[in-house]
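If you want the building blocks of each chain, they are given just below.
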Amino acid sequence: MFENLTDKFEKAFKVLKGQGQISEINIAETLKEVRRALLDADVNFNTAKEFTKTVKEKALGRDVLNAVSPGQLMVKICHEELIELMGGDETEVNYQGNPGIILMSGLQGSGKTTFSGKLANFLKSKKGKNPLLVACDVYRPAAIDQLHVLGDQIGVEVYSNKEEKNPVNIANAAIQHAKSNGNNVVIIDTAGRLAIDEQMMSEISDVKNAINPSETLFVVDAMTGQDAVNTAKAFNERINFDGVILTKLDGDTRGGAAISIKAVVDKPIKFVGTGEKMDALDVFYPKRMADRILGMGDVVSLVERAQEQYDEKEARRLQKKIKKNQFDFNDFLSQLQQVKKMGNVKDLMGMIPGMGKAMKNVEIEDDAFKHIEAIIYSMSPEEREHPEIINQSRKKRIAKGSGQSLTEVNKLLKQFGDTKKMMKMMSNKKNMANMMKQMK
Ligand code: GDP
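Being a predicted model, the structure only gives us computed values, none of them experimental.

## Quick look at the site of the ligand
- Around the ligand sit 18 residues, and of these Gly111, Lys112, Thr113, Thr114 and Gly273 come closest.
- Of all the elements, helix α5 (residues 112-127) adds the most residues to the shell around the ligand, at 3 residues.
- Taken together, the residues of the shell around the ligand sort by class into 1 nonpolar, 13 polar and 4 charged.

## Looking at the sheet that holds strand β5 (residues 215-221)
- Strand order in the open sheet formed by 8 strands is β3-β2-β4-β1-β5-β6-β7-β8, with mixed pairing between adjacent strands. A strand with exactly one partner marks an edge of an open sheet, and here the two such strands are β3 (157-159) and β8 (281-283). Averaged over all neighbouring strand pairs, the angle between strand axes comes to 25°, with direction disregarded.
- Here 3 bridges tie strand β7 (residues 269-273) to β8, and the two strands are oriented antiparallel to one another.

## What about α5?
- Counted at 1.5 Å a residue, the expected span for α5 with its 16 residues is 22 Å, and the 21 Å between its end C-alpha atoms agrees.
- Most of α5 sits inside the fold, with 12 of its 16 residues counted as buried.
- Looking only at α5, the buried set comprises Lys112, Thr113, Thr114, Phe115, Ser116, Gly117, Lys118, Leu119, Ala120, Asn121, Phe122 and Leu123.
- Downstream of α5 by a residue or two, Gly128 has a phi angle that is positive, lying close to 65°.

## Some thoughts on the UniProt feature "domain: SRP54-type proteins GTP-binding" (unreviewed entry) in the protein chain
- As recorded in UniProt, the feature "domain: SRP54-type proteins GTP-binding" (unreviewed entry) lies at residues 268-281.
- Between the C-alpha atoms that bound residues 268-281 the distance is 16 Å, and the span itself is 0% helix and 43% strand.

## Remarks on helix α17 (residues 370-377)
- Burial in α17 covers these residues: Ile372, Ile375 and Ile376. Here the buried residues of α17 occupy an arc of 95° about the axis, which is enough to place them on one side.

## Some words on the pairing of strand β2 (residues 131-136)
- Most of β2 is tucked away: 6 of the 6 residues are buried.
- A two-sided burial pattern is seen for β2, the buried positions comprising Pro131, Leu133 and Ala135 on one face and Leu132, Val134 and Cys136 on the other.
- Both β2 and strand β4 (residues 185-190) contribute to a ladder of 6 bridges, which runs parallel. Its bridge partner lying in β4, Ala135 is registered against Asp189.

## Comments concerning unusual backbone geometry
- Cis peptide bonds are those with omega within 30 degrees of zero, and the linkage from Asn98 to Pro99 qualifies with 0°.
- Turning to its location among the elements, Pro99 is positioned in the loop between α4 (70-85) and β1 (100-106).
- One non-glycine residue, Asp42, lies in positive phi territory at about 70°.
- Note that Asp42 resides in the loop between α2 (24-40) and α3 (45-60).

## Let's talk about the environment of Asp89
- Of note, Asp89 is situated in the loop between α4 and β1.
- Put simply, Asp89 and Tyr285 are 196 residues apart on the chain and 6.8 Å apart in space, counted from C-alpha to C-alpha.

## Overview of the nonpolar core
- Ile102, Val134, Val186, Ile188 and Leu246 are the most contacted members of the largest nonpolar core, which totals 88 residues.
- At 7 residues, α4 tops the list of elements feeding residues into this core.
- Residue assignment places this core across two domains, with domain 1 (3-89 + 294-299) and domain 2 (100-284) each supplying three or more.
- Ignoring anything within four residues of it in the chain, the contact list for Val186 reads Pro99, Ile101, Leu132, Val134, Ala174, Ile175 and Ala178.
- Within the second largest apolar cluster, 9 residues are counted, among which are Phe329, Ile372, Ile398 and Val409.

## With respect to the pairing of β5
- β5 sits mainly inside the fold: 7 of its 7 residues count as buried.
- Where burial is concerned, the two faces of β5 agree: the one with Glu215, Leu217, Val219 and Asp221 and the one with Thr216, Phe218 and Val220 are both buried.
- Both β1 and β5 contribute to a ladder of 5 bridges, which runs parallel. Counted as the bridge partner of Gly106 is Val219 from β5.
- Bridge count between β5 and strand β6 (residues 243-247): 5 bridges; the pairing is parallel. By the bridge assignment, Asp221 is partnered in β6 with Thr247.
- With helix α9 (residues 226-239) bridging β5 and the parallel β6, this β-α-β connection has right-handed handedness.

## Things to note about the packing of α5 against helix α6 (residues 141-154)
- Following both chains from N to C, one finds α5 and α6 inclined at 25°, their axes separated by 10 Å at the closest point. Between α5 and α6, the angle is such that the two are roughly parallel. The element α5 and its partner α6 pack so that their crossing is right-handed. For the pair α5 and α6, contact is made by Thr113, Ser116, Gly117, Ala120, Asn121 and Lys124 and by Ala143, Gln146, Leu147, Leu150 and Ile154, respectively.
- Residues belonging to the contact of α5 with α6 are distributed by class as follows: 5 nonpolar, 5 polar and 1 charged.

Conventions used here
- Residues numbered from 1 in each chain as written.
- Predicted model: local features only at pLDDT ≥ 70, side-chain atom pairs only at ≥ 80, totals over all residues.
- Near = placed C-beta within 6 Å.
- Helix = DSSP H or I, 4+ residues; strand = E, 2+ residues; numbered from the N terminus.
- Nonpolar A, V, L, I, M, F, W, Y, C, P; charged D, E, K, R; others polar.
- Pairing = 2+ DSSP bridges.
- Axes fitted to C-alpha atoms, helices over the stretch in contact; angles between N-to-C directions.
- Expected span 1.5 Å × (residues − 1).
- Buried ≥ 20, exposed ≤ 12 C-beta atoms within 10 Å, placed from the backbone.
- UniProt positions renumbered as here; feature names shortened; annotations may be inferred.
- Arc of directions from axis to C-beta.
- Core = buried A, V, L, I, M, F, W, Y, C linked by C-beta atoms within 7 Å.
- Domains from an automatic or database assignment.
- Contact = placed C-beta atoms within 7 Å.
- Right-handed = clockwise from strand over helix to strand, strands pointing away.
- Parallel < 35°, antiparallel > 145°, perpendicular 65-115°, else oblique.
- Left-handed = near helix turned anticlockwise from the far one by under 90°.

What follows is the structure, given as structure tokens:
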């Protein structure tokens, strides 16, 4: 599911690879790709436009942390916005009442009857309710039989009356039946049509007015993309439903409906159907859906952790020191500590896309930095600030103090010198340009 969309998002973020900062210019290309990805996934045009506009504003207004790349930051912002677009937090179906009454609406074939069964099963097994299913389709006897089959499967009573041709009467009688039989939730499955149809709308609207349900749900097939959104709009204008059920998310859906419905009708998706079986339903969690759509949940948590740990002032101070070539062992130590605070090194590396697999068989000790730290701790404050004064006899003393070999001490000093040179060079844009030229 959503594989195409995920791939395209990934491609969009690649545009920012190698960029130091997010700018009006380099973000334009990424956003163009993001918008194209959304439109290809059948997301509503206005929704896609609004989405990229918000992402742009947020991205330009946010500092890129040293610990993350602009591409990674963009993934995080898109993730946040996708969640927002899909409604933020999950919302429950309201089944309270005496009895609670849930009315189903939707086109024929959307999965309404199947979902009615799934919901009854969910309320019975997960919420300890005693539901009653009601067949209100007065046109298709087969639909009534289908509900009975499902009811038998899950052990839930089904109320129907093939003689009665007025759905309002059936619904009312069913509610009376529930009251006298101790059913505390009534789920009413109504008749659908293949397309939007005035008679169907007025019929559902009449039932709704007559029974005053605690919850009216609109069921829609996710695979129908933009049509799903248009149908949702038409139903909502007419019956003002409370929530959406998106079915067939296990199929080859492009994701457009999941992303745009909330934005277009301002009603949350409450459940998703993920198969034909009675237990194939999931509560709709916008965050989990955003994870699946972007397929980059790891990058998102990497950025979150970096943001949690990151100290803005400290970063500025460091940058200044690097520019002046004053980066010393104290700074080095505090950087090490920052990295350590972010967690287990292997976990951290595993979060970088593509690295997880590569790191699988590599052993990194959790205390990989222990030896380095020991060496630095054995230096005097003066030596840490001015490593150039570390001569042979000082090296010997440091080695002894830290319990490391002289070779280890030499190695660290050399690495530190090289890093410092490199940092100095990279902090200067002109040098950087020269370096790139040489590499070509
Ligand atoms: P209704 O006309 O709206 O009541 O639709 P049905 O409940 O009869 O469903 C139409 C078809 O879609 C049936 O074959 C169902 O088994 C199938 N269906 C319903 N929900 C799902 C789902 O979440 N995933 C899949 N793969 N099929 C579903």
